[in-house]
Amino acid sequence: MDNEADAFYRELPKVELHAHLNGSVSFQTIEKLISRKPHLNIEHGMTAIGKGQLRTLDECFQVFKVIHQLVDTEEDILMVATDVIKEFAADGVKYLELRSTPREEENTGLTKKRYVETVIKAIQQCKSEEVDIDVRFLVAIDRRNGTEVAMETVKLAEEFMLSTDGLVVGLDLSGDPKVGHGKDLLPALQRAKNCGLKLSLHLSEIPSQLEESDLLLNLPPDRIGHGTFLHPEVGGSQSLVDKMVQNNIPLELCLTSNVKGQTVSCYSKHHFKYWYQMGHPSVICTDDKGVFSTDLSQEYQLAASTFGLSREAVWKLSQQAIDYIFAPDTVKQQLKQKWIDIQPQMFK
Ligand SMILES: CC(C)=CCNc1ncnc2c1ncn2[C@@H]1O[C@H](COP(=O)(O)O)[C@@H](O)[C@H]1O
Ligand SMILES: [Zn+2]
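Structure report, in brief.

Quick notes on the rules
- Residues numbered from 1 in each chain as written.
- Chains lettered and ligands numbered in written order.
- Predicted model: local features only at pLDDT ≥ 70, side-chain atom pairs only at ≥ 80, totals over all residues.
- Heavy atoms only, no water.
- Axes fitted to C-alpha atoms, helices over the stretch in contact; angles between N-to-C directions.
- Helix = DSSP H or I, 4+ residues; strand = E, 2+ residues; numbered from the N terminus.
- Parallel < 35°, antiparallel > 145°, perpendicular 65-115°, else oblique.
- Left-handed = near helix turned anticlockwise from the far one by under 90°.
- Contact = heavy atoms within 4.5 Å.
- Nonpolar A, V, L, I, M, F, W, Y, C, P; charged D, E, K, R; others polar.
- Salt bridge = Lys/Arg side-chain N within 4 Å of Asp/Glu carboxyl O.
- Buried < 20%, exposed > 50% of the residue type's maximum accessible area, 1.4 Å probe, protein only.
- Near = heavy atom within 4 Å.
- Polar contact = N/O pair within 3.5 Å; in protein donor to acceptor, adjacent residues only side chain to side chain.
- 1 Å grid on protein atoms, 1.4 Å probe; cavity = no way out; pocket = protein on both sides within 12 Å on 5 of 7 lines; lining within 4 Å.
- Sits in = over half its atoms within 2 Å of the grid points.

Section: the packing of helix H13 (residues 311-320) against helix H14 (residues 329-346)
(1) Moving on: Running from N to C, H13 and H14 cross one another at 165°; their axes reach a closest spacing of 12 Å. The angle between H13 and H14 places the two elements in the roughly antiparallel class. Regarding H13 and H14, the two cross each other, and that crossing is right-handed. Packed against H13, whose contacting residues are Trp315, Ser318 and Gln319, the element H14 presents Trp339, Ile342, Gln343 and Met346 at the interface.
(2) Moving on: Class assignment of the residues belonging to the contact of H13 with H14 gives a composition of four nonpolar, three polar and no charged.

What follows is the structure, encoded as structure tokens:
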């Protein structure tokens, strides 16, 4: 792809709504982490999936285990979160919702509370350095940890939502889709919703989750991650699609993640096409920019080249994403103004 096209996608102001902190760690930051912990004998090939490489879903989840070994102190989290935020800003992202699973680590004394506090500290530091990006945080539930941990996580998120002046805006449900069942997490998700946390749920990332998706869509969630197998053409159902449409639930779509994790066979078969053609709210996201060796500019460029989107259509796609952020209307207005200010430079 030529340089002029590259520049368009980099300069395009963008909104990133689906980014897992530890999946977003760049090559450069991994270098720094490896040099801090040489005894772990971790090599680069263990933390990222390069160009043209594919992995099974299980192999992808192994990668997170390796990264978690490298990121297990407050110092690590602070560095990782700061670097990730600055990298998104350098890629033209103006609004970022970062998500991460609070972890406790016996060896280092890290607690879940300190984990969240440290991510918040990184967000505040970037703000005080006037990095040109508005960052919010979604506290993540790892589905494999079950009912009780989910409820604890919601309480933690609730606490931080109230104490951080709007930096914590919601809750994410993620983790290996083959493990655990959404029905066990329903009370926690319901509580989160009732206390004002927005919900973004990984849903139908693999084919066998129809029943769970149906159940969780009744909440209803505020946004869905992936939704790869919701529509009838891939074994989903019209009634699932109807629920998405009736509740107007935006989808966070991550092209490279799905292709490299092999839940989608190639870019042209990505479900972006199905939902975009329907005019359903769809937002292009990265999922794990470090693990999948990508960035948001590249994902927009891939969507445009695969599905033949004009520059005007790409602009509209990034602009419409503003409507689906979890931060309040005042933030939406500020972002809309930013897009208005930038537009003339990009369409001369
Ligand atoms: C395996 C694959 C194709 C990954 C992309 N799809 C994903 N599906 C579900 N959960 C995820 C995915 N990517 C990242 N996560 C979650 O994010 C965590 C890493 O970020 P963090 O530690 O929460 O900061 C993982 O342990 C996992 O719980
Ligand atoms: Zn994800």
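Some details on the pattern of salt bridges
(1) Moving on: One pass over the structure, following the stated rule, counts 24 salt bridges.
(2) Moving on: Of the charged contacts, one joins Glu74 and Arg114 as a salt bridge, the two residues approaching to 2.8 Å between their closest N and O atoms. You can see Glu74 sitting in helix H4 (residues 74-90) and its partner Arg114 sitting in helix H5 (residues 112-128), a full 40 residues away along the chain.
(3) Moving on: The salt bridge involving Lys94 is made with Asp132; its shortest N-O contact spans 2.9 Å. You can see Lys94 sitting in strand S2 (residues 93-100) and its partner Asp132 sitting in the loop between H5 and strand S3 (134-142), a full 38 residues away along the chain.
(4) Moving on: The class for Asp132 is partly exposed, based on a relative accessible area of 39%.
(5) Moving on: Each of Glu97, Arg99, Asp172, Arg223 and Glu252 takes part in one network of salt bridges that share partners.

Quick notes on the site of ligand 1
(1) Moving on: Lining the immediate surroundings of ligand 1 are 21 residues, of which His68, Ser100, Thr101, Glu205 and Asp288 lie closest.
(2) Moving on: The separation between a nitrogen atom of ligand 1 and a polar side-chain atom of Glu205 is 2.8 Å.
(3) Moving on: Judged by its atoms lying within 2 Å of the grid points, ligand 1 is housed in the largest pocket.
(4) Moving on: Of all elements in the fold, only helix H3 (57-70) and S2 reach the threshold of two or more residues within the shell around ligand 1.
(5) Moving on: When residues in the shell around ligand 1 are grouped by element, the largest group, five residues, is from H3.
(6) Moving on: Here the residues of the shell around ligand 1 are counted per class, giving six nonpolar, 10 polar and five charged.

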